[in-house]
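One-letter residues, chain by chain:
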Amino acid sequence: MCKGLAALPATCLKSAKDMKHRLGFLLQKSDSCDYGSSQGKKEKISSSQRVSQEEVRKWADSLENLIHHDRGLAAFRAFLKSEYSEENIEFWVSCEDYKKTKSPAKLSPKARKIYDEFISVQATKEVNLDSCTREKTSHNMLEPTLSCFDEAQRKIFTLMEKDSYRRFLKSPYYLDLVSPPAAGCAPENCKRSHTHTLDCNSNIISQCA
């Protein structure tokens, strides 16, 4: 019969406590290893998304270079979102996606969705189009084709090119990415030491996620 823990020798109780302590330590070590493994995976993913300084500088050559690069588009969208004017780039992206439509049966519903969201008088994200372009685009809705939004898309592209794109190039959303790290600057002392790659400025890019 079991006489209880009180009847056990002191050496047995000490051994039991030691075993419990070791088991707890092993469990903590296992959790630490799992965390380190997940962190290593994140670092690998991050390093695979790096963009060179040369590539970032090309974004200043033209708006086309900027928005045809995934990371550049992400930075630009984050900037427009900060200005509450992201509807322009969202319309442009929607038009690009629409032109890739392969099924004729999907043209009409996709065209109507874009029109209702960005162009109609009751659009939730209405873009700034002149009356002539708006009327022509409305007429195109009668028989939607892959090119039915081309003129409206060009107008919005030109608007962004002359306005928001220029502001973007002068904003921290771009300047913090293109500025080279200071020579001999330690990571903990230099705020710009990590801004030579896009992934190092995740606080900006994550805003468009």
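Residues numbered from 1 in each chain as written. Predicted model: local features only at pLDDT ≥ 70, side-chain atom pairs only at ≥ 80, totals over all residues. Heavy atoms only, no water.

A. Focus on helix α8 (residues 150–162). An ideal rise of 1.5 Å per residue puts 18 Å on 13 residues; α8 measures up with 18 Å between its terminal C-alpha atoms. Of the surrounding secondary structure, the elements contacted by the buried residues of α8 are α3 (63–67), α4 (70–82), α5 (87–98), α7 (131–140) and α9 (164–169). (Helix = DSSP H or I, 4+ residues; strand = E, 2+ residues; numbered from the N terminus. Expected span 1.5 Å × (residues − 1). Contact = heavy atoms within 4.5 Å.)

B. Layout of the pattern of salt bridges. In the structure shown here, the tally under the stated rule is 11 salt bridges. Notably, a salt bridge pairs D116 with R112, separated by 3.5 Å at the nearest N-O pair. Here R112 and D116 lie together in helix α6 (residues 104–118), a separation of four residues that amounts to about one turn. Of the residues examined, R112 reaches a relative accessible area of 38% and is grouped as partly exposed. Its salt-bridge partner being K113, residue E117 comes within 3.6 Å of it at the nearest N-O pair. With E117 and K113 both in helix α6 and four residues apart, the pair spans about one turn of that helix. Through salt bridges that share partners, E90, K113, E117 and K125 make up one connected network. (Salt bridge = Lys/Arg side-chain N within 4 Å of Asp/Glu carboxyl O. Buried < 20%, exposed > 50% of the residue type's maximum accessible area, 1.4 Å probe, protein only.)

C. Highlighting the nonpolar core. I67, F76, F91, F149 and F168 are the most contacted members of the largest nonpolar core, which has 39 residues in total. Going through the elements one at a time, α3, α4, α5, α6, α8, α9 and α10 (172–178) are the ones with two or more residues in this core. Residue contributions to this core peak at six residues, all from α4. Apart from residues no more than four positions distant in its own chain, F168 is found in contact with L66, A75, F76, F79, Y173 and Y174. (Core = buried A, V, L, I, M, F, W, Y, C linked by side-chain atoms within 4.5 Å.)

D. Quick peek at unusual backbone geometry. At Y84, a residue that is not glycine, the phi angle is positive and equals roughly 60 degrees. As for its placement among the helices and strands, Y84 is situated in the loop between α4 and α5.

Geometric descriptors of this kind do not, in isolation, establish any biological role.
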